[in-house]
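Structural overview for review
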Amino acid sequence: MKPPLLLIGQGSNDDGDSAEFGRFVHRLRCRLDEQAADVSGGYLERATPRLSDSVASLVARGHHRLVALPLSLTRVSDDFPAAMALEQERHPTLMYDYGRPLGPDPRVLAVLAERLKDAAADIVEPAAERPRLRVVDSTMVLEEAPRIEPGETAVVLVGEGSTDPVANAEVHRVSRLFWETHAYDFMTVETAFVSVTPPGVPGGLERCRRLGAKRVIVVPYLLFAGGMLEKVWAQALAYGAGHPDLDIRCAEVIGDCETLADIVIDRYEEALQLVH
């Protein structure tokens, strides 16, 4: 039997994020069941299940070696190794190996490209039939809107935001990688952050407007839907209310999907190979 996979989330006071995290853990549990590998998940703070409870449960089931994988798109903070060191103090027989965080894996960028494509689709329909906050616009008309070319469309890639400048720099790097690999036909890919560090979503939208964009598509560089995504939408809505001539669209998050599961399983298998 292979060592179990322990997914570690940062945690937030967000039921929506927690629910999707739980669904993703279940998806991985189903995927790895054929390989006789257990899967669990826990948060460092503010949400359940807590990391300490998940580790205690694994140890109680007889697991004394595991692969700990931070479910993070950016640089892992010092909180993760500190938390696992504390768990090792609580369970002296516990041994663990780290899996690499997801980072700007090419498959992550490919999923972002799918979300961008969905948001960019030119579908004219009544406002009541549109997905909630899919298109942010102040003046909705039913006649066919003028076609906006990709060269007149900008993208704002929105990261979570951190006090760690290296983590923020990684989001800027992802923006450039995304532009060159999946969005080069667009005017530009700007970087913004949900909170903590500038520019915020309004700042990213304003820069695109000043560059002459007629449409801006906001692409959240976030794993799961929840409070962070709602903040992105709210900031885009607030900006759009003051700029009715700018077509602002909001894409969906990466979300619980098979591609994300593929990446995590590859990280897990990679960690196992390093052990052997």
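Each remark here, short or long, concerns the structure printed above.
Quick summary incoming for the structure in this document. (Residues numbered from 1 in each chain as written. Predicted model: local features only at pLDDT ≥ 70, side-chain atom pairs only at ≥ 80, totals over all residues. Heavy atoms only, no water.)

In this structure, E180 sits in helix α5 (residues 165-182). Given the relative accessible area of 47%, E180 is considered partly exposed. Polar contacts involving the side chain of E180 include one to the side chain of R176, which spans 2.8 Å. (Helix = DSSP H or I, 4+ residues; strand = E, 2+ residues; numbered from the N terminus. Buried < 20%, exposed > 50% of the residue type's maximum accessible area, 1.4 Å probe, protein only. Polar contact = N/O pair within 3.5 Å; in protein donor to acceptor, adjacent residues only side chain to side chain.)

Quick look at the nonpolar core now. L5, L7, F24, L28, L71, F178 and V264 are the most contacted members of the largest nonpolar core, which has 50 residues in total. Apart from residues lying up to four places away in sequence, V264 is in contact with L5, L7, F24, L28, L69, L71 and L102. One finds V158, V194, L205 and V216 within the second-largest nonpolar core, a separate group that totals 21 residues. (Core = buried A, V, L, I, M, F, W, Y, C linked by side-chain atoms within 4.5 Å. Contact = heavy atoms within 4.5 Å.)

By the criterion of burial, strand β1 (residues 5-9) is predominantly enclosed, with 5 of the 5 residues buried. The two faces of β1 match: L5, L7 and G9 on one face and L6 and I8 on the other face are all buried. Pairing of β1 with strand β2 (residues 39-43) involves 5 bridges; the strand directions are parallel. Looking across to β2, one finds that L6 is bridged to S40. Summarising the sheet, β1 and strand β3 (residues 65-70) pair through 4 bridges and their orientation is parallel. (Pairing = 2+ DSSP bridges.)

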